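# Remarks on the overall topology
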Amino acid sequence: MQDKKFSVVIAGGGSTFTPGIVMMLLAHQDRFPLRQIKFYDNDPDRQKIVADACEIIIRERAPQIKFLATTDPETAFTDIDFVLAHIRVGKYEMRSKDEKIPLKYGVLGQETCGPGGIAYGMRSIGGVVEIVHYMEKYSPNAWMLNYSNPAAIVAEATRRLCPNSRILNICDMPIDIEGKMAQIAGRESLHDIEWKYFGLNHFGWWTSIKDKKTGEDLMPKIRDYVWKHGYNLKYIKGDAGVQHVDPSWQVTFEMVKGFAPLDPNTLPNTYLKYYLCQDDVVAHSDIKHTRTDEVIEGREKEVFTECRRIAAAGTAKETSFVVDAHAVYIVDLATAIAYNTKANMLLIVPNEGAIENFDPTAMVEIPCLVGSDGPEPLVVGKIPQFQKGMMEQQVSVEKLTVDAWIEHSYLKLWQALTLSKTVPSAKVAKLILDDLIEANKDFWPELK
Ligand code: NAD
């Protein structure tokens, strides 16, 4: 393709996802050639574990790419074309509290949904906005591809606080589900299907799935399967369908069958289980062992053990790290900007009339054509009353959370928690909020 080689910084270099993303970037050098990869993190020790291994991987596989890892913003963000941002403010220690505090009161505890998502949002806003400011100070022409969660709250905050910034908010969950839908429909991969989708982040529905070449409507076949088995591929692929899928995710994929029939004309995102099967989710939860514990014992342990092994061996020739296939969307998005490809991608953007009967200021997740000037949202039209009602409630939760962060308002945050479909009453919302304030005092603005 073009001669230009790009420079990227991965913000949140110490993330467990970083090695898979580096492997993915190296595998796509033909269409997204790099001259430099930098890591940036505010935890030098955590980042070093990942960086020491990735330095070896890059040196062995693509020695032409310069590499450095730093905690200094100026070094990290100078001479950059793209910021790939996946930070977790408060790390797993705080994620664990987001999950366990609501459960104490019989309310589900989750990273991005319900009270846990609100708490994480209140931590993330400052961290993500800080990175936008570093990018604009040191590389004003760069673009930030942000997949730090909770993406819905972060996107609403950047819309308000950095309205002219070159930031694209994207999520990998719909892409993962589209891959599953393609397999359910007997297609090879998600590249064989085309789709239509609308909603908020972690809160949306597909309205059309078609074969890309023939235009065949694949919704009936996928719907039949999903109503019986959810998106669990076990029933078509046996054990191979659930290989590398943590037990809690298998439950999540299966649970979709309980609420998908609410609307025969659409297929839901898995995350809707937190709003439509709250009681089942709480019943399946163990306050002593939540998803964070599963990640610490699983993904984090595996990734860090392999990083340390590579660093000690001084070579990554035998590494078990593989290309993170889900993360290919990052290259798709970067090349869309770099080469004006007008790729059709699902992004979190201001509605501005794309969904005709919905708040124009809401950050919605809808298909966009992406080119050098950024995303051009496609028209969705009118959405049904059921989805509209749910989305109005949820978008208000997200907006009130951002209000609370900006205004330092206890009242707005209490309203946000009370309005969440996951919380039964204002009283319970207040009990959870007061515990969350205590737990987050090093991260949240002081609320008045
Ligand atoms: P992780 O804890 O392994 O890594 C996050 C890193 O961010 C840590 O090294 C931490 O030190 C660093 N960090 C925290 N605050 C920072 C700040 N202010 N500045 C710089 N670095 C900071 O977390 P993870 O499980 O790899 O997840 C990372 C993020 O990616 C989370 O927000 C997660 O929800 C998100 N995620 C998004 C998608 C998506 O497609 N949207 C998919 C998976 C994960």
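In this report, we go over the structure that sits alongside the text.

The rules behind the values
- Residues numbered from 1 in each chain as written.
- Predicted model: local features only at pLDDT ≥ 70, side-chain atom pairs only at ≥ 80, totals over all residues.
- Heavy atoms only, no water.
- Phe/Tyr/Trp six-rings, centres within 6.5 Å; stacked < 30°, edge-to-face > 60°.
- Helix = DSSP H or I, 4+ residues; strand = E, 2+ residues; numbered from the N terminus.
- Buried < 20%, exposed > 50% of the residue type's maximum accessible area, 1.4 Å probe, protein only.
- Lys NZ or Arg CZ within 6 Å of the ring centre and 35° of its normal.
- 1 Å grid on protein atoms, 1.4 Å probe; cavity = no way out; pocket = protein on both sides within 12 Å on 5 of 7 lines; lining within 4 Å.
- Points joined across faces, edges and corners; volume = space filled by probe spheres on them.
- Nonpolar A, V, L, I, M, F, W, Y, C, P; charged D, E, K, R; others polar.
- Pairing = 2+ DSSP bridges.
- Contact = heavy atoms within 4.5 Å.
- Axes fitted to C-alpha atoms, helices over the stretch in contact; angles between N-to-C directions.

## Regarding the packing of aromatic side chains
- The final tally for this structure, using the stated rule, is 16 aromatic pairs.
- A centroid spacing of 5.7 Å and a plane angle of 70 degrees characterise the contact between Phe32 and Phe82, whose relative ring orientation is edge-to-face. Here Phe32, found in the loop between helix 1 (18-27) and strand 2 (34-40), pairs with Phe82, found in strand 4 (residues 82-85); they are 50 residues apart in sequence, far enough to count as distant.
- Judged by its relative accessible area of 2%, Phe32 falls in the buried class.
- Relative accessible area serves as the criterion here: at 3%, Phe82 is assigned to the buried category.
- Members of the aromatic cluster, joined through ring pairs, are Phe6, Phe32, Phe82 and Tyr339.
- Taking NZ or CZ as reference, Lys180 lies 4.4 Å from the ring centre of Phe253, over its face.
- One Lys or Arg, Lys430, reaches over the ring of Trp414 and ends 5.7 Å from the middle of that ring.

## Focus: the layout of surface pockets
- One number sums up the size of the second largest pocket: a volume of about 410 Å³.
- What lines the second largest pocket is a set of 23 residues, among which Pro163, Ser165, Ile167, Pro350 and Met363 lie closest to the centre.
- At the level of secondary structure, the elements contributing two or more residues to the lining of the second largest pocket comprise helix 6 (151-161), strand 6 (167-169), strand 10 (343-350) and strand 12 (374-377).
- Looking at side-chain class alone, the lining of the second largest pocket contains 13 nonpolar, six polar and four charged residues.

## Details of the sheet that holds strand 8 (residues 203-211)
- Here we have three strands laid out as an open sheet, ordered 7-8-9, and antiparallel in their pairing. Strand pairing shows two members of the sheet lacking a second neighbour, strand 7 (193-200) and strand 9 (267-268), which therefore form its edges.
- Pairing of strand 7 with strand 8 involves eight bridges; the strand directions are antiparallel. Note that in strand 8 the partner of Lys196 across the bridge is Ser208.
- Docked against the sheet, helix 8 (residues 219-229) engages strand 8 and strand 9, running at close to 130 degrees with respect to strand 8.

Spatial relationships are all this shows, so hold off on functional conclusions.
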